[in-house]
Amino acid sequence: MMKKKSIILFLALCLALGGCQKKDEGPTRVETGMSEIENQYYDKALENFQAALSEDDEDEKLMAYRGAGMAYMGLGQYDMAAASFEEALKRTTDKMPDTKKDILYYKATAQYKMGDYEAAAASCNEILGIKGEADAYYLRGASYLANQEQDKAKIDFDAAAALAPKDYDLFLNIYMCYEEQKLSANGDEYLQKALAIQGTETKDYYNRGRIYYYLEDYEAAQRELVKPVEEKDAASLLLMGKVYMALSDTAHSKVMYQQYIDAYGETPEAYNGLALAEMSDGNYDAALADIAKGLGLDEEKGKQELYFNEIVAYENKKDFSTAKVKAEAYVQMYPGDEQGKKEYDFLSTR
């Protein structure tokens, strides 16, 4: 068992604006808070943003409310996030269209995550009133689809595709929207649009491999990834590790992750891949050793999966008391993760 990560709504957390820094002074509260968010220390980030709200600088307050909204999103408190983004929007002016658009993306995402799809679509309407962008059409389409408005969703998805006809991520995200609504067949056409890009660069082979992986055509994914893997492309090595896992070839999966580590160094993501392969082989102690190595690294990206699979490894070892302790710590670190909550609830009954 492994934690499934949804790639839907990737765009909102990819947009970033910096805070203002005064000359010859240390980082502001907002800058410190943004650094904490980057490291996923959302409670600490929130403390810094709240402290910044007591200052007189209105620009700093705007960014503090924006940052607080991001921290609340990290904590899974989407209603508080939407309220914070609304406060930030109140402090924008007509001379700040890019800032307003940025905050509206965050607000729409928070509204989507809290299940208020009509409000999310309305926020996207505001974004489109500023500028017609593929991301805005995509997010509004996702909102319509989640609200069972399939015809309106398709119109927006097609508009997004027309604006970004070579954006592999966009097509994959549209597909994932349909998959989450149990409408994968409707989303297949967007994967076919992505395959039709037909580029010959390393990234094109990698992205076609990704598409075939989502289509569960693992042999085709393997064929596409041969060239970039030979070139030691980082993303392709990691994906090939997943492809081999899907083909139940754990030995070659481990080889891919080890090649990645040899070429690019240790990362939580690579150790998570090794741990999953060991768990598939029933080697739970070896998996826990890999997890410990990954958790001991300074890099934060990928550690959530390691913490989750640590719980799973202890469960499979029938060490339910340790698994429960780990699950309790997990839900405190990642309160917005529903799968983590389910694991903790299950272990609480053991």
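Notes on the structure follow. (Residues numbered from 1 in each chain as written. Predicted model: local features only at pLDDT ≥ 70, side-chain atom pairs only at ≥ 80, totals over all residues. Heavy atoms only, no water.)

A separate point is the overall build of the chain. Tallying secondary structure elements over the chain gives 19 helices and zero strands in all. With respect to the principal axes defined by its C-alpha atoms, the chain has extents near 60 × 45 × 45 Å. The 350 residues of the chain split such that 48% are buried. Looking at the chain alone, contacts between residues at least 24 apart form 53% of all its contacts between residues at least 6 apart. Of the accessible surface of the chain, which amounts to about 17000 Å², a share of 46% is contributed by carbon and sulfur atoms. Charge-centre separation for the chain: the mean point of 41 positive side chains lies 1 Å from the mean point of 63 negative side chains. (Helix = DSSP H or I, 4+ residues; strand = E, 2+ residues; numbered from the N terminus. Buried < 20%, exposed > 50% of the residue type's maximum accessible area, 1.4 Å probe, protein only. Contact = heavy atoms within 4.5 Å. Areas by Shrake-Rupley, 256 points an atom, 1.4 Å probe, with all protein chains shown as cover. Lys, Arg positive; Asp, Glu negative; His and termini not counted. Charge placed at Lys NZ, Arg CZ, Asp CG, Glu CD.)

Here we come to the packing of aromatic side chains. What the rule picks out here adds up to 12 aromatic pairs. Measuring from ring centre to ring centre gives 5.0 Å for Tyr330 and Tyr334, while their planes differ by 50 degrees; the resulting arrangement is tilted. A relative accessible area of 10% means that Tyr334 is categorised as buried. Every member of this aromatic cluster is reached through a ring pair, and the members are Tyr138, Phe157, Tyr178 and Tyr190. Lys44 extends its terminal NZ or CZ atom over the ring of Tyr41, reaching a point 5.2 Å from the ring centre. (Phe/Tyr/Trp six-rings, centres within 6.5 Å; stacked < 30°, edge-to-face > 60°. Lys NZ or Arg CZ within 6 Å of the ring centre and 35° of its normal.)

Now for the nonpolar core. If you look at the biggest cluster of nonpolar residues, it comprises 64 residues, and the most contacted ones within it are Ile37, Phe85, Tyr138 and Phe157. Core analysis: the second largest hydrophobic core is formed by 19 residues, Val229, Tyr257, Ala270 and Leu297 among them. (Core = buried A, V, L, I, M, F, W, Y, C linked by side-chain atoms within 4.5 Å.)

To continue, consider the environment of Glu278. Along the chain, Glu278 turns up in helix H15 (residues 268–280). On the accessibility criterion, Glu278 (14% relative accessible area) is buried. On a C-alpha basis, the gap between Glu278 and Thr92 in space is 52 Å, while along the polypeptide they are 186 residues apart.

As a further point, take the packing of helix H9 (residues 168–180) against helix H11 (residues 202–214). The N-to-C vectors of H9 and H11 enclose an angle of 5 degrees; their axes lie 11 Å apart at closest approach. Judged by the angle between their axes, H9 and H11 are roughly parallel. Residues Tyr168, Asp169, Leu172, Tyr175 and Met176 of H9 lie in contact with H11, whose contacting residues are Asp204, Asn207, Arg208, Arg210, Ile211 and Tyr214. Looking at the contact of H9 with H11 residue by residue, the classes come out as six nonpolar, one polar and four charged. (Axes fitted to C-alpha atoms, helices over the stretch in contact; angles between N-to-C directions. Parallel < 35°, antiparallel > 145°, perpendicular 65-115°, else oblique. Nonpolar A, V, L, I, M, F, W, Y, C, P; charged D, E, K, R; others polar.)

Position of Tyr284 among the secondary structure elements: in helix H16 (residues 284–295). Since its relative accessible area comes to 21%, Tyr284 is described here as partly exposed. Residues Tyr284 and Tyr314, 30 residues apart in the sequence, show an inter-C-alpha distance of 7.7 Å. Those residues within four positions of Tyr284 in sequence are excluded, and the remaining contacts are Met279, Ala313, Asn316 and Lys317.

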